[in-house]
Amino acid sequence: MKTPPSECPCPGFILPPNRLRRKTTLSLSRLLLTLALWMILVANNAGAHDVLAAFIQHRVGIVISPKYVDVTVQLTFFEEASEHERAHMDTNRDGILTRAETDAYLREIASELETAVKLRVKDVEVALTPLRNSELDLLGAARTGRGHHRLTAYYFAPAPAQLDEGASFVVEDRLWSDVRAIASMQAEGKDGYRLQALPSLDPVYPAGLKNRPRVFSAKVLAIPARSPSAVTPLSTSTSGLKTVSETNPEQK
Amino acid sequence: MNISLLSHALALVVALASTSFSVAAERQEPNADALHFASEVAHRHSYLFSDENRSELDEVNRELRAAAQQMRSARNENQRERSAARIAAATHRLLEIMKSCPRLLHVDLTAKEPKLQPAGTVELPGYTGSLLLRIDSGGEGTRFSASTADLSLVPGESSLVPVQAAPRGVTYAAVALEGVPHQSTTLRIDVRRPSMPSAQLPLTVTTPLPGRLRLTVLSDDTGEPTPAMVRLMWRTDGLQRRPSNGIEFAPQFDSQGHASGVRAANLPGPLNAHYWCVPGAFDMTLAPGQWQIGVRRGVEHEAVFEDVTIKSGEVTERTLRPRRWVQMSARGWWSGDDHVHARILSDDDARNVMAWIKAEDVHLANIVKMGDIYRTYFEQRGFGPSYRFTDGDHVLVPGQECPRTPDIGHTLAMNITAMVRDPERYFLYDTVFDAVRAQGGLSGYAHVNSGLFQVHRDMSLNVPSAKVDFVEILQFNNLGTDLYYEFLDLGCKLTASAGSDVPWGGTVGEVRAYAFLAEQPFNADNWFAAFGRGRTFTTSGPMLEFHVDDALPGDELKVNKSRKLRVRARAWGDPGRTSSMKLEIVRHGEVIRSAESGEGTEPEARLDFTVDSENGFWIAARARAGDGTSAHTTPIYIVRDGLRFWNFENLNALLSKREESLRQVERLVDEARELDAAGRLETDRARKLLARQGDALLQRVAMARDLYAGLKRTAEMELGKRRQGSE
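Residues numbered from 1 in each chain as written. Chains lettered and ligands numbered in written order. Predicted model: local features only at pLDDT ≥ 70, side-chain atom pairs only at ≥ 80, totals over all residues. Heavy atoms only, no water.

1. A short note on the overall build of chain B
Assigned secondary structure in chain B consists of 13 helices and 39 strands. Dimensions of chain B, computed from the C-alpha atoms along their principal axes, are close to 100 × 65 × 60 Å. By the burial criterion, 62% of the 727 residues in chain B qualify as buried. If you take every contact in chain B between residues at least 6 apart in sequence, the share linking residues at least 24 apart comes to 73%. (Helix = DSSP H or I, 4+ residues; strand = E, 2+ residues; numbered from the N terminus. Buried < 20%, exposed > 50% of the residue type's maximum accessible area, 1.4 Å probe, protein only. Contact = heavy atoms within 4.5 Å.)

What follows is the structure, encoded as structure tokens:
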């Protein structure tokens, strides 16, 4: 993505916009998207892409190591939703998506990204923390209009102290819950953990799931020979943690 | 800890909290600067630090973020103090790491003239680089900032690098530089402070002379160079670069789907990273440093990941040979992808797609021209054997995905001699199925795994009359069998298939169907013949073998009386991709036996048992690997004389579902007719055509209903015999 430097290249110095306004804007945005997709469906405008273009692909990854549970949610927006979100990013309406605009978009949706993904371990909710700022990959097309783009959000939680074989991990994803989704999950265990992603009961979710999460599940097949107890994060090594290069193969 | 030490520590914590988070107090929420800074240095600027400090930075980032979240959710002062203490401790560690960084540049803004130390040039690693600055504005307080400057953009002054700093105190600033030119570039660091004039400092950055990489990927079968899926990732910034001969497929995708040559497979782990299809060896300049080369050659090969060091001015040669962990063709099974969209109007177009299927080791690709009621996409030169494009044991065969409607489903056709498409009969899918069969082709439904586009409606019309040969039950690495099992349970034979649906899917062959040719040589005709017999299994990872007595998937095993049948199955996978394997035998949709690979063993499971033939059934094998990939065979049909192999006990429920599907088709037609009668379809050609074709479609509904009524009568006739058989 070739974009000019951010007009204000230090997001940390920007006061976050009013949260209420942001949520209202987002809700309105979702509503408009839903309406747009509904109109497409109702009008039966069976154009080039039919309705597959209106889906968002949700890929949820979970990696368990002795110290952390890392959760990655990657959304690939197909044509309809991508076009809508791109239009939303293009605040100056020039058709070009600059870094300043995509950064602002990410800041705008940050709070929703933070709260819309939940983790339950053995049926108990575990607080997820954003591991770093979310990333937006316009997949080589920094412009408005139809295309695909990819949004990746990173989270983590401390690994539970007691994990048994068969323990369940459930990720609840409420992101763009009113848009149809194609869903899949990947699970990976490290340093002695073995995990299995459980097949989704419904790989394609219908629209209208507002406030109902898409559920992704995995279970622990094996634990390390000596299950490590909870440790103070700052006091031990970080073997088993993914590096940026492993988790975010952004294309240049 | 003694009292004085404790008080000292508390004083430090309070001091840090008050300096670093003075802004936070104003905002009533934790400071975002430090969080963003820590995240950026941990993930984008980590090359500036030692291995030990990199790990520490990751921990600090996590701790800061967890503590900040705790602060936000704190309900009382006590909790806030604890959070503040955590934040202060982590910030302290962050500052210690920054101070110890040998590449930290000091900007002194307290003097009359701003000064940058150490003086001289800063060497950047290559395409991108990082600057870590300690900006001293005088006074108390510590702040953080992080920013990005793309030097490839020229907004009048390309070398200006804006950096935000606090008006007082010390600001630690991390600047990510992108698009850095080769050799020497003079930048102007533009330090911007609120309500103060900016301070500009010249800084010369250099990049080392690039090196070169010559990469050749060899086929494990022939030892000769082969197309492959390749990724090049620079460890310094974690970003990938396009191989110099990476094929750009965008022009062949008609701006549809993910219209690009860079492909991320819908597969687990590193296989999901971005890869380019390279048709052969390449030689390109690269920035010096550590590079990860990733090579993927489809599911039958182990993926190769190798780090190489590119040195300035030197040529690095690598020859990689991804090892096969299985060769299914040697067992008589040949792979195909039933759903590949790509325009092929020239030999160049064909060579590009051929390179792709060879790279992914797919032997046959059904290259589908796509249509809807309005027009067509992904044009082809023609159809039939003379338009096949063959290279050794790989062949591209033009087919079609048409008709496709969101109302009654998408269809596929393979091995056709002409495209079958008539908008005036567009909703009458049976006319297409009949024409395809008359051409010697095979018809099927797309997206059955997910039930997209109401495909159950047309399946209810045309599957029971045996007009359809196959269904896609695996796509986007999602195995979906609900609809498949419903029709098998009605005693309808359907071949299991799989298609990637690129460019909406990730890459060709990420899911695939294997057809069993036994000893026959591979060619398109033999593949289609085997596929037409139902001798298939689909997979995104595991391999399957399945026999009932000597019967194979798709076979019908006739039994005169109830007897024992021997069931043998094996599921196995690439040990490098998955650590476990679960094998299940499914009869009438129910798992009757399963096996899992053992702890610490190869990912392989086997079953060998007997089952009573009873009154007949369909029986299939399916596998799920620990990495989330899966496989499924076409069933073997156990047919007792005079009986269907259906799920007799569930017949009423199954027929109710089909009746509901038929009613939905009727409602669809009724609605279209009503709108048309009201004159509201003048701009909606699709629905207008549906209204016009309504009578004919309703005739099909009536015929299907008759057929289901016939099945009910058959069930009544079977009742006595089944009772005898079960006694």
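Next, the rest of the story.
2. Observations regarding the overall build of chain A
Along the backbone of chain A there are four helices and eleven strands. Evaluated residue by residue, chain A yields a buried proportion of 56% over its 252 residues. Residue pairs in contact within chain A that sit at least 24 positions apart in sequence constitute 78% of those at least 6 positions apart. In the form shown here, chain A has an accessible surface area of approximately 10100 Å², with 57% of it arising from carbon and sulfur atoms. (Areas by Shrake-Rupley, 256 points an atom, 1.4 Å probe, with all protein chains shown as cover.)

3. With respect to the pairing of strand E18 (residues 333-340) of chain B
Residue and element names in this part refer to chain B. Summarising burial for E18: eight of the eight residues are buried, a large majority. In this structure, E18 lies alongside strand E29 (residues 512-516), joined through four bridges in antiparallel fashion. Bridge assignment links Trp334 to a residue of E29, and that residue is Ala515. Examined bridge by bridge, E18 and strand E19 (residues 364-371) share three bridges and lie parallel to one another. Within E19, the residue paired with Val340 across the bridge is Ile367. (Pairing = 2+ DSSP bridges.)

4. Some details on the pairing of strand E32 (residues 556-559) of chain B
Looking along a regular strand, one sees side chains alternate from face to face of the sheet. Residue and element names in this part refer to chain B. Alternating residues of E32 divide into Leu557 and Val559, all buried, and Glu556 and Lys558, none buried. Inspection of the sheet shows E32 paired to strand E39 (residues 636-640) by four bridges, in the parallel sense. If you follow Leu557 over to E39, its bridge partner there is Ile638.

5. A few points about the nonpolar core
All names here are of chain B. Judged by nonpolar contacts, the single largest core of 56 residues is most densely connected at Tyr445 and Met459. Sorting elements by how many residues they give to this core places helix H11 (residues 651-677) first, with eight residues. When neighbours within four sequence positions are excluded, Met459 is seen to be in contact with Tyr445, Val448, Pro464, Val471, Leu483, Phe487 and Leu494. Counting 52 residues, the second largest nonpolar core, distinct from the first, contains Leu35, Tyr47, Ala149 and Val175. (Core = buried A, V, L, I, M, F, W, Y, C linked by side-chain atoms within 4.5 Å.)

6. Considerations on the packing of aromatic side chains
Residues and elements named next belong to chain B. This structure, assessed with the given rule, holds 25 aromatic pairs over all chains. Note on Phe433 and Tyr445: the rings are 5.7 Å apart at their centroids and 80° apart in plane angle, and the pair reads as edge-to-face. Here Tyr445 lies in strand E25 (residues 442-445) and Phe433 lies in helix H7 (residues 429-438), a separation of twelve residues in the sequence. Owing to a relative accessible area of 2%, Phe433 belongs among the buried residues under this scheme. Plain terms: the ring middles of Trp527 and Phe528 are 5.7 Å apart, the flat faces sit at 85° to each other, and that makes the pair edge-to-face. According to the relative accessible area criterion, Trp527 is buried, its value standing at 1%. In this structure Phe528 comes out as buried when scored by relative accessible area, which is 4%. (Phe/Tyr/Trp six-rings, centres within 6.5 Å; stacked < 30°, edge-to-face > 60°.)

7. Looking at the sheet that holds strand E9 (residues 194-198) of chain A
All names here are of chain A. The five strands are arranged E4-E3-E7-E11-E9 in an open sheet whose pairing can be described as antiparallel. In the strand order of this sheet, the two ends are held by strand E4 (124-126) and E9, each with one partner. Across the sheet, the axes of successive neighbouring strands diverge by a mean angle of 30°, strand direction being ignored. Note: strand E3 (residues 117-121) against strand E7 (residues 168-173), five bridges, orientation antiparallel. When the sheet's bridge partners are listed, Val117 is paired in E7 with Asp173. (Axes fitted to C-alpha atoms, helices over the stretch in contact; angles between N-to-C directions.)

8. Remarks on the sheet that holds strand E1 (residues 56-64) of chain A
All names here are of chain A. Strand order in the open sheet made by the six strands is E5-E6-E2-E1-E8-E10, with mixed pairing throughout. Of all the strands in the sheet, just strand E5 (129-137) and strand E10 (204-205) have a single pairing partner and so form its edges. Bridge analysis of E1 against strand E8 (residues 181-189) gives nine bridges, and the strand direction is parallel. Residue Ile64 lies in a different strand from E8, and its bridge partner there is Gly189. Packed on one face of the sheet, helix H3 (residues 99-115) meets E5 and strand E6 (149-158) and runs near 140° to E5.

9. Examining the packing of H11 of chain B against helix H12 (residues 685-692) of chain B
Residues and elements named next belong to chain B. For the pair H11 and H12, the least separation of the axes is 8 Å and the interaxial angle reads 110°. For the element pair H11 / H12, the angle class is roughly perpendicular. Taking contact as the criterion, the partners of Leu668, Val669, Ala672, Arg673, Leu675 and Asp676 in H11 are, on H12, Arg687, Lys688, Leu690 and Ala691. Along the lines of polarity and charge, the residues of the contact of H11 with H12 split into six nonpolar, no polar and four charged. (Parallel < 35°, antiparallel > 145°, perpendicular 65-115°, else oblique. Nonpolar A, V, L, I, M, F, W, Y, C, P; charged D, E, K, R; others polar.)

10. Description of the pattern of salt bridges
Close approach of charged atoms lets side chains of opposite charge pair. By the definition in use, this model includes 66 salt bridges over all chains. A salt bridge links Glu172 of chain A to Arg174 of chain A; its shortest N-O distance comes to 3.6 Å. With relative accessibility at 14%, the residue Glu172 of chain A sits in the buried group. Among the salt bridges present, the one from Lys493 of chain B reaches Glu556 of chain B, with a minimum N-O distance of 2.5 Å. (Salt bridge = Lys/Arg side-chain N within 4 Å of Asp/Glu carboxyl O.)

11. Points about the environment of Glu113 of chain B
In this structure, Glu113 of chain B sits in the loop between strand E1 (104-108) and strand E2 (115-117). For the pair formed by Glu113 of chain B and Leu201 of chain B, sequence separation is 88 residues and the distance between their alpha carbons is 9.5 Å.

12. A word on the confidence of the model for chain B
Residues and elements named next belong to chain B. When the pLDDT values of chain B are averaged, the result is 92; 95% of them are 70 or greater. Ignoring residues within four places in sequence, the model shows residues 1-30, a span with pLDDT below 50, making 39 contacts including any to other chains. Overall fold confidence for the complex sits at a pTM of 0.86, while the interface term, ipTM, reaches 0.82. (pLDDT = per-residue confidence, 0-100.)

13. Looking at the environment of Leu643 of chain B
Take Leu643 of chain B: it is sitting in the loop between E39 and H11. Overall, the relative accessible area of 6% leaves Leu643 of chain B in the buried class.

14. Concerning the side chain of Glu584 of chain B
Residue and element names in this part refer to chain B. Inspection of the secondary structure assignment puts Glu584 in strand E34 (residues 581-587). For Glu584, the side chain forms a polar contact with the side chain of Arg622, separated by 2.6 Å. Excluding residues that lie within four positions of it along the chain, Glu584 makes contacts with Val591, Arg593, Ser594, Ala620, Ala621 and Arg622. (Polar contact = N/O pair within 3.5 Å; in protein donor to acceptor, adjacent residues only side chain to side chain.)

15. Looking at empty space enclosed by the protein
Under the criterion given, the structure shown has seven cavities of 30 Å³ or more. Looking at the largest cavity, its volume works out to about 140 Å³. In terms of lining, the largest cavity is formed by 17 residues, of which the most central are Thr76 and Arg150 of chain A together with His258, Ala264 and Gly506 of chain B. Each residue belonging to the lining of the largest cavity can be placed in one class, and the counts come to five nonpolar, nine polar and three charged. Lining the second largest cavity are Ile344, Ile367, Gln380, Arg381, Gly382, Tyr387, Arg388, Phe389, Leu396, Val397 and Pro398 of chain B. In terms of residues, the lining of the second largest cavity owes the most to one element, strand E22 (residues 394-401) of chain B, which gives three residues. (1 Å grid on protein atoms, 1.4 Å probe; cavity = no way out; pocket = protein on both sides within 12 Å on 5 of 7 lines; lining within 4 Å. Points joined across faces, edges and corners; volume = space filled by probe spheres on them.)

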